[in-house]
Amino acid sequence: MNKLHPRIRVVWIVRAIVLAAVVGAIGVAVATVFEVSTVIPVGLAVLLVGVGVVHAILRYRNWRYVVGDDAIYLERGVFTEVRTEVPLVRIQHVDSRRSAFDRLVGLASTVVYTAGSRGADVTIPGLTPTDADGLRKRLKTLVIDTDGEDAV
Amino acid sequence: MKLAPRSVPYRALQKSTSLAITAVFIASIGSEIGFGGTQLLLGGLGILIVTVGYEVAYYQRFRYDLTGDTLDIRSGVFSRREREIPYGRIQNVDITRNVLQRLVGLSAVNIETAGGGSTEAVMQYVTPFEAKRLQQEIRRLKKGDTEQRSEVLDDQSGVDASDDQGEVLFEIAPSELALAGVLSFDPRVPGLIIAVFTGSIPFVSPIIPIEAPTLVLVGILIVLVAGGIALAWVVGAVSAVINYWGFRLTRSDDELRYERGLLQRYSGTIPFDKIQAITISDNPLKRRTGYATLAVETAGYSPGQANGRGSEAAVPIASRDRVKRLANEISPYDRPQFNRPPKRIRRRYLVRYLLALGVLTAVLYGAAAWFNATGEVPWYLPAVGVLLTPFAAHYKWLHRGYWLGENHLSTRDGFWSRETKLVAYYRIQTVIDRRTLFQRRWNVATVIADTAGSLSILGTDAAAVDIDDDDAEKLREELTSRLRTALADRRKQRRNRTPFEWLEDSTTVSGSPESDQVVEESSQTVDDEDDTETDTVDPDQDTDSDTSSTGTQDSNPDSNPD
């Protein structure tokens, strides 16, 4: 079982902080317009940050994946635990992806597409760029090995 | 090949009519400016000329060709598009004709592939004969035989000859059609009525006597509501009858054909290969009277999605036995003996219902207290439901379950609207095992077998809900392993089947195949042709996989005893 790169926690925490900041700013703005105390929105933002940090840590702790001989297995989720098994025969294509923020912290993610309607895109975040590329290439060779004609 | 020449005037008229309507609409908005009759006439004439010109150009530009392995379409007047669709990827070929098109002898052909939310190729319009020919040719080319063209074409003396091809699986009986109509209720109608009604309140309100006694007002309201429901019901019944008029399903060796519709005739084919799941649904009333509904899911966009759930081959209602027989014909399955969730889960449902009732009662009490009317309003009424909760919990549990059959996973869920789903193992895309916070408290999990079906987008995948933790683990592993063996079996079958057809036509391999090796190799090339992938790269990779991919699996065709 592989774990994600620990730095992914930073990404998630920063995301939570940004969200909290936006919510807090809107709240403060509303509060000043209606001339009520700004304690509530600020408190809400602080609470959101706290929840976000805990959630990020738990999320990181629960995230596991492994690329087996014939399937990718993923385990994740804080409130709802989800375990997904994606047979390699079913993979349509594989992306490795880096957002601007990902590049800033030096991370990348791999997205696996199947024809399924629900597990249509399985994303493995928090990989180092080399790992993500490696994973993509490895999946590519594994997928070519298995018969592509069964994909749908 | 080109479209039918007759499509030019038809399309031009169609387009100019809609343009004219828009123009009139716009003109009516700006009516203060004041258009004269001659101006309107000239404008209409101008629109007609422009559209005719456009449609002539469209007709001239539109070309389609059935090549050896792709359907090529070149189209577009201003921006041009060339599209090649490999036959192997085509999910279904649909022909639709509305009343007008039937009168003038035109058909629209829609070609769907998996993936993508829209129709991949639209041919508006070809002659009915050409439409049928396309359908049959694509079917034939998909199988990969390019040799027997002349023979097949000779077979087809007329359009209607092909209608009778294949064995009839299902034909809707008049009584069933009537029943389908009676049971249909168009939920869009009440919405529409409400929208119209609320919009027209200012006009209606003067008519209704405000000073009238409450009883009269209530009476008017009841009449209005009843009228709305009756109207919705009539509209639903009429549309169901029109949609399913003359519904029939036929099968040829590897395809399902459906036909339905009174005003607009839908017909199409679904290759058995592409069927993702079969859903049988019923409700307490249908269960009691022995009826059920059947839907066949395929991947990709389905036509007629506007009228409900969008499954091409949906049997609106038929006796339970007929539905089961039909499902069995489409995909033979063994009678499921459902494994129910553990009994303790009934307590969870009980708790859930009690909580819901408690919340409802509390809200009612709160509202009553707010208006100081706790004495008059029977806020405690929902609490009576407590008596029913044990039964509700029991029945919820009773109708849930899953079953691992020979070739299928069956799942069942729901009391009021019960759905039994059949998913062939080789159709499963991913297996998902979910546990919410509450499920973890009860040590249960939900296992979802995701397919590429189009209905699944609504979140109605085959799911074994609330099964025991350990069972879930086992089920997940079992499903993936069965998926692999089923795929390997199918591959083996395909390999065994294709070579001989191919060898008969082939000139490169002389003499009969003496060893499995020859068959093996030739089948590889056949597969490549089917897939329309580059011939140079694939065979190597394919053979690589045959030797390297996990010798333990049946997937290794070299270990094939045949």
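Residues numbered from 1 in each chain as written. Chains lettered and ligands numbered in written order. Predicted model: local features only at pLDDT ≥ 70, side-chain atom pairs only at ≥ 80, totals over all residues.

Student: I'd like a rundown of the overall build of chain A, residues and numbers included.
Tutor: Of regular secondary structure, chain A possesses four helices and six strands. Seen in sequence order, chain A has helices and strands lined up from the N terminus as α-α-β-β-β-β-α-β-β-α. Relative to its 152 residues, chain A shows a buried fraction of 32%. When contacts within chain A are restricted to residue pairs at least 6 apart in sequence, long-range pairs at least 24 apart make up 50% of them. (Helix = DSSP H or I, 4+ residues; strand = E, 2+ residues; numbered from the N terminus. Buried ≥ 20, exposed ≤ 12 C-beta atoms within 10 Å, placed from the backbone. Contact = placed C-beta atoms within 7 Å.)

Student: An account of the environment of A16 of chain A is needed here, citing residue identities and associated values.
Tutor: Residues and elements named next belong to chain A. Considering the arrangement of structural elements, one finds A16 in helix α1 (residues 8-33). Remark: the alpha-carbon pair of A16 and V49, spanning 33 residues in sequence, is separated by 6.1 Å. With residues up to four places along the chain from it excluded, the contact list for A16 reads L48, V49, G52, V53 and A56.

Student: Would you mind going over helix α11 (residues 345-370) of chain B in detail, with residue names and values included?
Tutor: Residues and elements named next belong to chain B. Helix length check: α11 (26 residues) gives 37 Å between terminal C-alpha atoms against 38 Å at 1.5 Å per residue, within 8%. Of all the residues in α11, the buried ones are I345, R348 and Y349. Against the buried residues of α11 lie α12 (389-398), β18 (444-450) and β19 (462-468). Positioned one or two residues after α11, N372 has a phi angle of 55 degrees, which is positive. (Expected span 1.5 Å × (residues − 1).)

Student: Go over the environment of A393 of chain B with me, naming the residues and quoting the values.
Tutor: All names here are of chain B. Inspection of the secondary structure assignment puts A393 in helix α12. Sequence separation of A393 and R348 is 45 residues, and the distance between their C-alpha atoms is 8.2 Å. Those residues in contact with A393 that sit more than four places away from it in its chain are R346, Y349, L350 and Y353.

Student: A description of the packing of α11 of chain B against α12 of chain B should follow, citing residues and the corresponding values.
Tutor: Residues and elements named next belong to chain B. In contact at an axis separation of 8 Å, α11 and α12 are set at 135 degrees when each is read in the N-to-C sense. Judged on the interaxial angle alone, α12 and α11 are oblique. Considering how the two elements wind past one another, α11 and α12 form a crossing that is right-handed. In contact with I345, R346, Y349, L350, Y353, L354 and L357 of α11, α12 contributes T389, P390, A392, A393, H394, K396 and W397. Residue composition of the contact of α11 with α12, grouped by class: 10 nonpolar, two polar and two charged. (Axes fitted to C-alpha atoms, helices over the stretch in contact; angles between N-to-C directions. Parallel < 35°, antiparallel > 145°, perpendicular 65-115°, else oblique. Left-handed = near helix turned anticlockwise from the far one by under 90°. Nonpolar A, V, L, I, M, F, W, Y, C, P; charged D, E, K, R; others polar.)

Student: Which residues make up the sheet that holds strand β7 (residues 167-171) of chain B, and what values go with them?
Tutor: Working definition: the strands of a sheet are paired by backbone hydrogen bonds and lie parallel or antiparallel to each other. Residues and elements named next belong to chain B. Ordered by their spatial adjacency, seven strands build an open sheet running β6-β5-β4-β10-β9-β8-β7, and the pairing between neighbours is antiparallel. Strand pairing shows two members of the sheet lacking a second neighbour, β6 (121-126) and β7, which therefore form its edges. Here the strands of the sheet are splayed against their neighbours by 15 degrees on average, with no regard to which way each runs. Here four bridges tie β7 to strand β8 (residues 248-252), and the two strands are oriented antiparallel to one another. Across the sheet, residue V168 finds its bridge partner in β8, namely T250. (Pairing = 2+ DSSP bridges.)

Student: Talk me through the pairing of strand β3 (residues 81-86) of chain B; I want residue IDs and the actual numbers.
Tutor: Residue and element names in this part refer to chain B. Judged from the six bridges that link them, strand β2 (residues 70-75) and β3 form a sheet pairing that is antiparallel. Within the sheet, the bridge partner assigned to L71 lies in β3 and is I85. The turn linking β2 back onto β3 is made up of five residues, and G76 within it adopts a positive phi angle of 110 degrees.

Student: Could you give an account of helix α8 (residues 214-244) of chain B, naming the residues involved and the relevant values?
Tutor: Residues and elements named next belong to chain B. Across its 31 residues, α8 extends 44 Å between first and last C-alpha, which sits within 8% of the 45 Å expected from 1.5 Å per residue. Restricting attention to buried positions, one finds in α8 the residues A232, G236, A240, N243 and Y244. One or two residues past the end of α8 sits G246, with phi positive at roughly 60 degrees.

Student: Go over the sheet that holds β2 of chain B with me, naming the residues and quoting the values.
Tutor: Residues and elements named next belong to chain B. Ordered in space as β1-β2-β3, the three strands form an open sheet in which the pairing is antiparallel. The sheet terminates laterally at β1 (63-66) and β3, the two strands that pair on one side only. Averaged over all pairs of adjacent strands, the angle between their axes in this sheet comes to 10 degrees, without regard to strand direction. Examined bridge by bridge, β1 and β2 share four bridges and lie antiparallel to one another. Counted as the bridge partner of R63 is R74 from β2.

Student: Hey, could you go over the packing of α1 of chain A against helix α2 (residues 39-62) of chain A for me, with residue numbers and the actual values?
Tutor: All names here are of chain A. Where α1 contacts α2, the axes come no closer than 8 Å and their chain directions differ by 165 degrees. As far as their axial angle goes, α2 and α1 are roughly antiparallel. The chirality of how α1 crosses α2 is right-handed. Classifying every residue of the contact of α1 with α2 gives 22 nonpolar, three polar and two charged.

Student: For the pairing of strand β3 (residues 81-87) of chain A, give the residues involved together with the corresponding values.
Tutor: All names here are of chain A. Counting buried residues in β3 gives five out of seven residues, a clear majority hidden from the surface. As judged from the six bridges shared by strand β2 (residues 71-76) and β3, these two strands associate in the antiparallel manner. Residue pairing across strands places Y73 opposite E85, the latter belonging to β3. Adjacent in sequence and paired antiparallel, β2 and β3 are bridged by four residues, among which G77 carries a positive phi angle near 110 degrees.

Student: Before we move on, can you summarise the confidence of the model for chain B with the specific residues and values?
Tutor: All names here are of chain B. A residue-level look at chain B finds 72% of positions with pLDDT of 70 or above and a mean pLDDT of 75. Under a pLDDT of 50 for its full length, residues 146-164 has, in the predicted model, 13 contacts with residues more than four places off or in other chains. With pLDDT under 50 throughout, residues 499-562 is counted as low confidence; its partners more than four residues away or in other chains account for 67 contacts. (pLDDT = per-residue confidence, 0-100.)

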